[in-house]
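# A closer look at the structure
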Amino acid sequence: MKIVVILPTYNERENIVLMIRALQEQFAAIPHDMHILVVDDNSPDGTADVVRAEAPAWPNLHMITGTKQGLGAAYIRGMKHAIEQLKADAVMEMDADFSHKPVDVPRLIAALDEGADFAIGSRYVPGGKIPDEWSFLRRMNSKWGNVFARYVAGMYMVRDCTAGFRAIRTSLLGKIDFDTLRVRGYAFQIALLHEAILNHAVVREVPVEFVDRTRGETKLGLSDIIEFMLNAWWIRFERSKTFLKFGVVGASGVAVNLVSFTVLMNMGLNKFIASPLAIEVSIITNFVLNNYWTFSQRDMNDRIHIRGLKFNMVSFVALAVSYSTFLLLSALDPSGIPQVHQAIGIVPATLINYFLNSYWTFKE
Ligand code: GDD
Ligand code: MN
């Protein structure tokens with residue numbers, strides 16, 4: 001594999017050359033074609049100049065420069081360059097300030113070799129560590145960042161969602177449209193992880209010790225924290241959208257069902273025949289709306305007639321559930337209002353419809 005370690009830098013003059021050399025030392029023991037890509041944002045301290053001076057010593061050292069737009073923007077430029085120009089099979093995200101230890105690089109790469117698409121150098125799995133000297137505030141900041149990412153953005157399964165130490169296959173990145181990640185700063189970390197999860201990436205956390213930088217200072221600012229929190233809520237909203245749409249379609253189905261039922265009864269049909277017919281009419285309108293609206297964003301490989309067939313099978317299950325409920329309620333309460341029995345029957349049928357259709361019919 002060709003692997004490009006991306007080092008974003010902003011005023012890392014004191015660290016970058018030491019970092020490049022420490023990485024090269026690790027590369028000697030890694031059985032892959034290892035490269036370094038420095039993404040410098042025209043650092044006023046002249047970081048790019050010291051990299052240029054170091055470049056002749058290392059044929060695998062690359063650099064791109066640009067204007068400062070934030071950490072996420074720098075990573076996006078770096079990843080695009082690594083994929084399009086350097087033809088990388090995998091990239092790494094890594095801080096240039098020694099907070100991520102170069103000795104941990106081989107273990108992250110080993111996780112890719114073992115089948116992961118997205119390996120995270122994690123501080124919050126057993127064996128991982130945050131610095132002892134971190135203040136209460138700093139700890140809380142990091143903990144809350146992960147609480148937001150896990151419980152607001154919904155990435156429960158990952159312990160360290162904000163980590164900036166990662167190894168990622170470019171076959172996965174190829175499925176992600178960077179231009180839709182509306183993030184500039186550190187929020188990039190959770191936005192990218194979320195896209196990876198949506199694309200069914202194999203995510204693995206490798207425990208690492210995060211050490212405080214000894215040279216230079218952090219660039220994380222208040223605007224990054226605000227963008228981060230807004231982004232977590234945005235991800236939550238995006239995730240809920242499918243469910244909300246399904247709910248709207250379901251509600252329209254209830255109306256279609258009850259109106260059809262009443263119309264059929266008024267036409268003189270027996271209520272026991274009108275009920276399944278009304279259910280079937282609403283199932284058909286639900287399919288059309290779900291296919292062309294609720295799940296229209298899903299990338300489904302099967303052809304529409306297969307999906308239609310599956311939807312029909314799910315419909316029979318839902319029909320049976322709804323009709324059984326109706327029959328049961330009619331038997332228990334023979335003098336009750338038929339519309340009420342019919343309406344109650346819709347509830348279990350809709351739930352079964354949602355799960356089977358979401359995880360089977362309209363599965364990506
Ligand atoms: N090119 C570029 N542009 N590089 C940047 C920018 C930018 O706008 N902002 C930061 N960097 C570089 C820094 O020079 C450093 O190499 C790396 O990105 C990390 O920046 P730090 O400012 O040292 O980050 P941190 O230590 O506060 O945050 C770390 O922990 C966070 C989670 O707790 C990083 O690992 C983050 O990625 C991580 O989200
Ligand atoms: Mn740092």
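Presented here is an overview of the structure given in this document. (Residues numbered from 1 in each chain as written. Chains lettered and ligands numbered in written order. Predicted model: local features only at pLDDT ≥ 70, side-chain atom pairs only at ≥ 80, totals over all residues. Heavy atoms only, no water.)

## What about the overall build of the chain?
Threshold: To qualify as a helix, a DSSP run of H or I must reach at least 4 residues; to qualify as a strand, a run of E must reach at least 2; elements of each kind are numbered from the N terminus. We compute the radius of gyration from the C-alpha atoms alone; for a globule the expected value is 2.2 Å times N to the 0.38, where N is the number of residues. Burial status follows relative accessibility: with a 1.4 Å probe on protein chains alone, a residue under 20% of its type maximum counts as buried, one over 50% as exposed, and anything between as partly exposed. Only heavy atoms matter for contacts: two residues are in contact if any of them lie within 4.5 Å across the pair. Accessible surface is estimated by sampling points in the Shrake-Rupley manner with a 1.4 Å probe; for residues, cover comes only from the protein chains shown.
The helix and strand inventory of the chain stands at 11 helices and seven strands. Expected size for 364 residues packed as a compact globule is a radius of gyration near 21 Å; at 27 Å, the chain overshoots this value by more than 25%. Overall, the C-alpha framework of the chain stretches about 90 × 45 × 35 Å when taken along its three principal axes. The 364 residues of the chain split such that 49% are buried. When contacts within the chain are restricted to residue pairs at least 6 apart in sequence, long-range pairs at least 24 apart make up 79% of them. By element, 63% of the accessible surface of the chain is carried by carbon and sulfur atoms, the whole surface being about 17,400 Å².

## Let's talk about the nonpolar core
What counts is decided by this rule: Nonpolar cores were defined as sets of buried Ala, Val, Leu, Ile, Met, Phe, Trp, Tyr and Cys residues, with membership established by side-chain atoms within 4.5 Å.
Core analysis: the biggest nonpolar cluster contains 43 residues, and Met79, Phe118 and Leu192 have the highest contact counts within it. Looking at this core element by element, the count peaks at seven residues for helix 7 (residues 188-198). Leaving out residues up to four positions away in the same chain, Met79 has contacts with Ile6, Val91, Glu93, Ile168, Leu173, Phe178, Phe188 and Leu192. Counting residues in hydrophobic clusters, the runner-up holds 31 residues, among them Leu7, Val17, Ile20 and Leu61.

## A few points about the sheet that holds strand 7 (residues 203-207)
Our working rule: Pairing between strands requires that DSSP locate at least two bridges from one strand to the other. A fitted line through C-alpha atoms serves as each axis, taken over the contacting stretch for helices, and the angle formed by two N-to-C directions is quoted from 0 to 180°.
Pairing in this open sheet of seven strands is mixed, and the strands run 3-2-1-4-6-5-7 from one edge to the other. Pairing within the sheet leaves two strands with one partner each, and these edge strands are strand 3 (61-65) and strand 7. The average angle at which neighbouring strand axes cross in this sheet is 20°, direction not considered. By the bridge criterion, three bridges tie strand 5 (residues 118-122) to strand 6 (residues 166-169) in an arrangement that is antiparallel. If you follow Ala119 over to strand 6, its bridge partner there is Ala167.

## Examining the site of ligand 1
Cut-off, in case you're wondering: Note on definitions. A residue lies near a molecule or strand when any single heavy atom of the residue is within 4 Å of it. Two N or O atoms count as a polar contact when they lie within 3.5 Å, although within protein this holds only if one can serve as hydrogen donor and the other as acceptor, and sequence-adjacent residues are included solely when both atoms are side-chain atoms. In this count, Pro and Cys sit with the nonpolar residues alongside Ala, Val, Leu, Ile, Met, Phe, Trp and Tyr, while Asp, Glu, Lys and Arg are called charged and the others, Gly among them, polar.
Around ligand 1 sit 23 residues in total, of which Glu12, Asp41, Asp95, Thr218 and Lys219 are the nearest. Pro8 places a polar main-chain atom, nitrogen or oxygen, 2.8 Å from an oxygen atom of ligand 1. Within the contact set of ligand 1, an oxygen atom lies 2.7 Å away from a side-chain nitrogen or oxygen of Arg213. Considered on its own, ligand 1 offers 740 Å² of accessible surface; in the complex 96% of this is hidden by protein. Looking at the shell around ligand 1, the elements that each hand over two or more residues are strand 1 (2-9) and helix 3 (71-84). Broken down by class, the residue content of the shell around ligand 1 amounts to eight nonpolar, seven polar and eight charged.

## What to know about helix 9 (residues 271-294)
Restricting attention to buried positions, one finds in helix 9 the residues Ala274, Ser275, Ala278, Ile279, Ser282, Ile283, Asn286, Phe287, Asn290, Asn291 and Thr294. Structurally, helix 9 contributes buried residues whose contacts are with helix 8 (222-266), helix 10 (304-332) and helix 11 (338-361). Among the residues of helix 9, the N-terminal cap falls to Asn270, whose side-chain oxygen and the backbone nitrogen of Phe272 are separated by 2.7 Å.

## Section: the pairing of strand 1
Threshold: A clockwise path from the first strand over the helix to the second, with the strands pointing away from the viewer, defines a right-handed crossover.
Strand 1 sits mainly inside the fold: seven of its eight residues count as buried. For strand 1 and strand 2 (residues 33-40), the ladder comprises eight bridges, and the chain directions are parallel. Paired with Thr9 across the two strands is Asp40, which belongs to strand 2. Between strand 1 and its parallel partner strand 2, the chain crosses via helix 1 (residues 13-27), and the hand of that crossover is right-handed. Note that strand 1 and strand 4 (residues 90-93) share four bridges and pair parallel. Considered in strand 4, the bridge of Ile6 is made with Glu93.

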